[in-house]
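Observations on chain architecture
One letter stands for each residue in the lines below.
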Amino acid sequence: MSNDRILRKSILSIAMGLCIASLASVPALAQTATGGVAGRANAGDTITVTSATTGQSRTTTVNKDGTYRIGQLPPGSYTLATGKGNPIAFAVDLGNTTTVNLKSEGSPTNLEAVQVIGSGVVNRVDVHSTETATVIDRQELARLPVDQSMGAVALLAPGVIKGNSSFGGISFGGSSVAENQIYVNGLNVTDFYRRQGNSSAPFAFFDQFQVKTGGYSVEFGRSTGGVVNASVRAGGNEFHGGAELTFEPAAFSAATDDHVFTHPTAPTTYVRGSRDKSSLTKTNIWASGPIVKDRLFFFAMYENQDYRAGNTDNTGSDWTRTKSNNGFWGTRLDWNITDNHVLSLMAFSDKADSAASAYAYDWSSERIGAYGGDTMNETGGKNWTLTYTGHFGENFVAKAMYGENDRNAFTHSVLDIDCNPISVDGSYAGAGALVGKTVGCHPTGDSVTKMDNTRKIGRLDFEWALGNHLLRFGLDQEKLTTQQSSYYPGPGGDALLAMTLAAGTEIVDGSGVFLSQNTDIIRKRHRVLGGAFETVNNAYYIEDNWNITDSFLLNLGVRIDNFKNKTAAGDAFINIKNLVAPRGGFSWDMKGDGTTKLYGNLGRYYLPVTNIISTSFAGGLVDEYSFFQLNGWQQATNPETGATYMTPIIGAQIGPTDKSMNTGGDDLRGIFPKDLKAVYQDEAIFGYERAINEAWSWGVNATYRRMNRTIEDTRITHSNCPSGFNWPIINPGEKNTLWCDDIGNGQGGWVELDTSVDGYKKTNGEIIGYKKPKREYKALEFQLDRAWDGKWSFNASYLWSKSTGNFEGPVNSDTGYNDTGMVQYYDHPAVNERYGVLFNDHRHQVKLRGSYKLNDMWSFGSTLTVLSGGPITAYGTYWPGDNRAAGSSGEFSGGGSGWICVANCKQAYNLRQYEYTGLGAFGRMPWTFDWGASVTWTMPVPDVDLKVRLSVYNLLNKQTTVRVRTRYEVTPGVYRETFGEGSNWAAPRSAQLVLTYNF
């Protein structure tokens, strides 16, 4: 046989396409920034794998049963040699195991199920995996219209959708946006204060992204949603460099639609954005190569980001001009001390600052008026990891990592001393007279907040191959430190809200002070919190990947988590130990050739407590409400700008100051039970995958998720503690053991409160408990994939899913409340008794993406995401038998009842008639269609890599409603005319031009 023929067969042997649409992934390797290769060959053969970029090689001997495996390989191109035949080219992707099966002469088998993919190929059906994940690399992203963000990449995966447009984020498999984890080269960069958002890096910094949507290995934890795992680009033995210019001018974007809602009796509602505009220019330069050939390599890049924006508020009476000009730097160094010992350093900085200047604005004349002051924002920080990987013999690998992640924020203004935040509630009867006028002199009305969040992480991971068993075990620890101060600006540190309260309203619960008539009110809120707080999370895990036969893999693992939150003094007030999370799965290579797989997994996942709980309670939170008569408005002068504004004329105080929300102090035993239990979720996945031929593959899987526990602040108005409890953080719907300051004999003691039957006393004397939390997610996913062959590729997925329960998770998207673990589900039993369809339920999801190369100059890409509309829920105010409100009546405030008053609503509470409504009972929002398209021009000159790509997002400019106003009642029987009106819409059409030159 000729060498050319042998080489051709060798290349053809390994199946199927690079990983843009991988249907599954291998069990993750050491907080995965690596992959592996495995397969079958002749027992006793020597397998040598060599990196095409660095020259690093690894060798192993085929086991007696004819199997081999080499793990901890950095993603990239490799060759495999046995000494028989020519070397075989293949590729390793992030978190994946590439399968290479060899014949007796050392050439590959299964030729009918493979396809050449450039210089590297990957097995399409990963028989070494029991999880569901999608991997996509930067080359594939360059062919598609995908925005330059991690979130945009994650949204390519089935079951991943955008979260509430008010606070952003992404939702995996029915979970809330506050349940995910984000990793960069093994470093967790997730925001641990609210668990929303993450430290960021430019798109060009990354090589590959892995989106884990379920069934992930025991080394991954602290997540009940999904995982985004990114690997950073690396250098090799050849010098390379390049530059990239990204332009997003305002002229490329369509105008945002204006919305004006008129009502017979209520003020007109304006949501204006047609004059908003923004532009972004990014300049990126990078270089990579050897410092010492075959041993020491570098990758380094710098990106300057110039952003300009201007926008009005919803009413069109204010204009904000925002500017920022920031530089990002990032680097990676890899030192191959020997072929078996590697030291890697990764570091980047996402420090940034911006200034927002406020101005008055006249909508009718389109004139920007008087300057109102600046607000400055400082964000980001430095991030780095140092990782050692050692291969000891053929069968044992050790990995050690230490790293730090800084995520800081400081928002402040020159008017913080002089100006209180002043806002107007939708209930205020005099709101119409203020339209077109500037209310208050603070440019934002936000709290003055300074926060420094630092994560220090250490990990040890080990792999030990013992015959048919691959044992993986390790431990990690995270120390999460928050230093924070937060208070309202202005004299007294108060935020002022103008509102109208109806006759009969009790001004403060339990005060006995009721309004005799409809009254204009100014509510003052005084809120101060701060301190330095540390949380320590550690975990241990062990896992056995057991090849029971050549074609059947059994994965058995267990993870043990420990969560500890500390006070500012360093004492633990939450200490949850020994959380056992078993996980298991199987993968059956049904034909024994790597083309058909049946797999499944079952596991438990725990969620830690965020640091916002620590800052709110462990250091003491002052959160007080006082109510005053509003005697009209008067004109005042901005002390910084000289502009005029309206300020309220405040009269006498009505009733006492409500201090029930104050928390904290030295003794937290009455707030946090000694038997507090962690939030967890159970998950089951069952799936099938098949390679149809060398190009096409398809798969189907079913997912079931169930969460039956939460940790929330809970209103307790009745208990077996005579001295009472004040909004404790507990497991509602379960038994909790809390400290009672006086158990009836003048002494304190521990008492057990079963909140499933006790905890709340209605006005009519009935004593009830809280419903146990429940969230269920069911999904059936179908996926069809055509691998890229240098000419075209295609992926289609359809997901049917259903998300039901009585709580969304640690945030509340219906009301736009994102204080993780302190939302409104347990502020009143009328809130959590509601069961139905949850906010993130989109019953039908269709995702299409593909790319096509017309010739050497022109190529095209497209994406399409179609989602059925989310549910609409209505919020009332009270419920039968009780005269205590179930939530605020404010338009976007928290809580609310599912009971709507339909008769006798102005009479005494016990005479009112109500009708019950569940979550999602008021229909659905419209379907959304998001179509993107891109065209790429490549200079047709040999050895010149110059490309220009134009990408258009939301090509059809469909600005569909994605969130509506859910407040149904102001008071019993008084309905809001704004209910059901849109509050947020899909972003308008925009475009991006990218010029890339590489050498």
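Everything quoted here is computed from the prediction, not taken from an experiment. (Residues numbered from 1 in each chain as written. Predicted model: local features only at pLDDT ≥ 70, side-chain atom pairs only at ≥ 80, totals over all residues. Heavy atoms only, no water.)

**Examining unusual backbone geometry**
Of note in this structure, Asn 904 is not a glycine but carries a positive phi near 55 degrees. Given the relative accessible area of 32%, Asn 904 is considered partly exposed. In the Ramachandran plot, Asn 957 falls in the positive-phi region, its phi being about 55 degrees despite a non-glycine side chain. The residue Asn 957 is located in the loop between strand S52 (945–953) and strand S53 (961–964) in this model. Relative accessible area serves as the criterion here: at 23%, Asn 957 is assigned to the partly exposed category. (Buried < 20%, exposed > 50% of the residue type's maximum accessible area, 1.4 Å probe, protein only. Helix = DSSP H or I, 4+ residues; strand = E, 2+ residues; numbered from the N terminus.)

**Some words on the pairing of strand S45 (residues 792–805)**
As paired strands, strand S44 (residues 775–786) and S45 are joined by twelve bridges and run antiparallel to one another. Residue Phe 782 lies in a different strand from S45, and its bridge partner there is Tyr 798. Hairpin connection from S44 to S45: five residues lie between these consecutive antiparallel strands, with Gly 790 at a positive phi of about 90 degrees. Here S45 runs beside strand S47 (residues 844–853); their pairing, made up of nine bridges, is antiparallel. Its bridge partner lying in S47, Ala 796 is registered against Leu 848. Here S45 pairs with strand S46 (residues 836–837) via two bridges, running antiparallel. Residue pairing for S46: Gly 805 is matched across the bridge by Gly 836. (Pairing = 2+ DSSP bridges.)

**Section: the sheet that holds strand S2 (residues 46–51)**
The strand order S3-S2-S5-S6 describes an open sheet built from four strands, whose pairing is antiparallel. Each edge of the open sheet carries a strand with a single partner, namely strand S3 (57–61) and strand S6 (88–92). On average, each strand axis in the sheet is inclined to that of its neighbour by 25 degrees, with strand direction left out of account. (Axes fitted to C-alpha atoms, helices over the stretch in contact; angles between N-to-C directions.)

**Remarks on the side chain of Ser 344**
Along the polypeptide, Ser 344 turns up in strand S21 (residues 341–349). Of note is the side chain of Ser 344, whose polar atom sits 2.6 Å from the side chain of Asp 334. For Ser 344, the residues in contact, after removing those within four places along its chain, are Leu 333, Asp 334, Thr 385, Leu 386 and Thr 387. (Polar contact = N/O pair within 3.5 Å; in protein donor to acceptor, adjacent residues only side chain to side chain. Contact = heavy atoms within 4.5 Å.)

**Looking at a nonpolar patch on the surface**
Judged by side-chain polarity, Trp 792, Tyr 852, Leu 854, Trp 858 and Phe 860 come together as a nonpolar surface patch covering roughly 450 Å² of accessible area. Position of Tyr 852 among the secondary structure elements: in strand S47. Of the residues examined, Tyr 852 reaches a relative accessible area of 37% and is grouped as partly exposed. (Patch = residues over 30% accessible without salt bridge, like charges linked within 9 Å, V, L, I, M, F, W, Y side chains within 5 Å. Areas by Shrake-Rupley, 256 points an atom, 1.4 Å probe, with all protein chains shown as cover. Salt bridge = Lys/Arg side-chain N within 4 Å of Asp/Glu carboxyl O.)

**Re the state of the cysteines**
As enumerated under the stated definition, the model contains three disulfides in all. The side chain of Cys 419 participates in a disulfide bridge whose partner is Cys 441; the two sulfur atoms lie 2.0 Å from each other. An S-S torsion of about -115 degrees defines the bridge between Cys 419 and Cys 441 as left-handed. Of this pair, Cys 419 sits in the loop between strand S25 (396–413) and strand S26 (422–424) while Cys 441 sits in the loop between S26 and strand S27 (448–466), and the two are 22 residues apart along the sequence. As far as burial versus exposure is concerned, Cys 419 and Cys 441 are alike and both buried. Between the sulfur of Cys 901 and that of Cys 905 lies a disulfide, 2.1 Å long from S to S. Linking Cys 901 and Cys 905, the disulfide has an S-S dihedral of approximately -115 degrees and is accordingly described as left-handed. In this pair, the class of Cys 901 matches that of Cys 905, namely buried. (Disulfide = S-S within 2.5 Å.)

**Some words on the side chain of Ser 231**
Residue position: Ser 231 is located in strand S14 (residues 227–232). In this structure Ser 231 comes out as buried when scored by relative accessible area, which is 2%. Excluding anything up to four places from it in sequence, Ser 231 contacts Pro 75, Leu 94, Asn 185, Phe 206, Asp 207 and Gln 208.

**So, the sheet that holds strand S7 (residues 97–99)**
On the basis of which strands lie adjacent, the open sheet formed by three strands has the order S4-S1-S7 and mixed pairing. Because the sheet does not close on itself, it has two edges, and the strands there are strand S4 (67–73) and S7. Geometrically, the sheet is characterised by an average inter-axis angle of 15 degrees between neighbouring strands, direction not taken into account. Across five bridges, strand S1 (residues 35–40) lies against S4 in antiparallel orientation. Across the sheet, the residue bridging to Val 37 is Ile 70, located in S4.

**Observations regarding the nonpolar core**
Formed by 46 residues in total, the largest nonpolar core has its most connected members in Ile 574, Tyr 606, Ile 613, Phe 617, Phe 672, Phe 725 and Ile 729. Secondary structure elements with two or more residues in this core: strand S32 (572–589), strand S33 (596–607), helix H4 (611–618), strand S36 (679–691), strand S39 (729–730), strand S40 (735–740), strand S41 (749–754) and helix H5 (829–832). In terms of residue count, the dominant contributor to this core is S32 (five residues). Ala 154, Leu 155, Ala 157 and Phe 206 belong to the second largest nonpolar core, which has 35 residues in total. (Core = buried A, V, L, I, M, F, W, Y, C linked by side-chain atoms within 4.5 Å.)

**Things to note about the packing of aromatic side chains**
For the coordinates displayed, the defined rule picks out 37 aromatic pairs. Between Tyr 183 and Phe 220 the ring centres are 5.4 Å apart and the planes differ by 85 degrees, which places this aromatic pair in the edge-to-face class. Residue Tyr 183 is found in strand S11 (residues 181–184), and its partner Phe 220 is found in the loop between strand S13 (206–214) and S14; the two are separated by 37 residues along the sequence. Taken as a pair, Tyr 183 and Phe 220 share a single burial class, namely buried. An aromatic cluster is present here, built from Phe 203, Phe 205, Phe 206, Phe 209, Trp 286, Phe 299, Phe 328 and Phe 348 joined pairwise through their rings. Sitting over the ring of Trp 286, Arg 233 keeps its end group 4.2 Å from the ring centre. One cation-aromatic arrangement involves Arg 604 over Tyr 680; the distance from NZ or CZ to the ring centre is 4.1 Å. (Phe/Tyr/Trp six-rings, centres within 6.5 Å; stacked < 30°, edge-to-face > 60°. Lys NZ or Arg CZ within 6 Å of the ring centre and 35° of its normal.)

**Focus on the environment of Ile 671**
Assignment of secondary structure puts Ile 671 in the loop between strand S35 (644–653) and S36. It is 39 Å that separates the C-alpha atoms of Ile 671 and Trp 985, two residues lying 314 residues apart in sequence.

**Some remarks on the environment of Thr 717**
Turning to its location among the elements, Thr 717 is positioned in the loop between strand S38 (712–713) and S39. Each C-alpha atom, one on Thr 717 and one on His 828, is 9.8 Å from the other, the two residues being 111 residues apart in sequence. With near-sequence residues (within four places) excluded, Thr 717 lies in contact with Gly 759, Tyr 760, Lys 761 and Arg 884. Here the side chain of Thr 717 touches Lys 761 through a polar contact of 2.9 Å, landing on its backbone nitrogen.

**So, H4**
By the criterion of burial, H4 is predominantly enclosed, with eight of the eight residues buried. Residues Asn 611, Ile 612, Ile 613, Ser 614, Thr 615, Ser 616, Phe 617 and Ala 618 constitute the buried set of H4. Elements in contact with the buried residues of H4: strand S28 (469–487), strand S30 (519–549), strand S31 (552–566), S32 and S39.

**A short note on the environment of Gly 592**
Secondary-structure assignment places Gly 592 in the loop between S32 and S33. Distance from Gly 592 to Asp 550, taken between C-alpha atoms, is 7.5 Å for residues 42 residues apart in sequence. Apart from the residues lying within four places of it in its own chain, the contact partners of Gly 592 are Arg 40 and Ser 551.

**Brief notes about the pattern of salt bridges**
Note on pairing: side chains with opposite charge can pair once their charged atoms come close. According to the stated counting rule, one finds 40 salt bridges in the structure shown. Two residues, Asp 476 and Arg 459, come together in a salt bridge whose shortest N-O distance is 3.7 Å. Highlighted residues: Asp 476 in strand S28 and Arg 459 in strand S27, separated in sequence by 17 residues. Here Asp 476 and Arg 459 have matching classes, each one buried. A salt bridge links Arg 525 to Asp 623, with the nearest nitrogen and oxygen atoms 2.9 Å apart. You can see Arg 525 sitting in strand S30 and its partner Asp 623 sitting in strand S34 (residues 622–637), a full 98 residues away along the chain.

**Some thoughts on the pairing of S34**
Pairing between S30 and S34: eight bridges, direction antiparallel. Directly across from Lys 524, in S34, lies its bridge partner Ser 626. Pairing between S34 and S35: seven bridges, direction antiparallel. The residue bridging Trp 633 from the neighbouring strand is Pro 648, located in S35.

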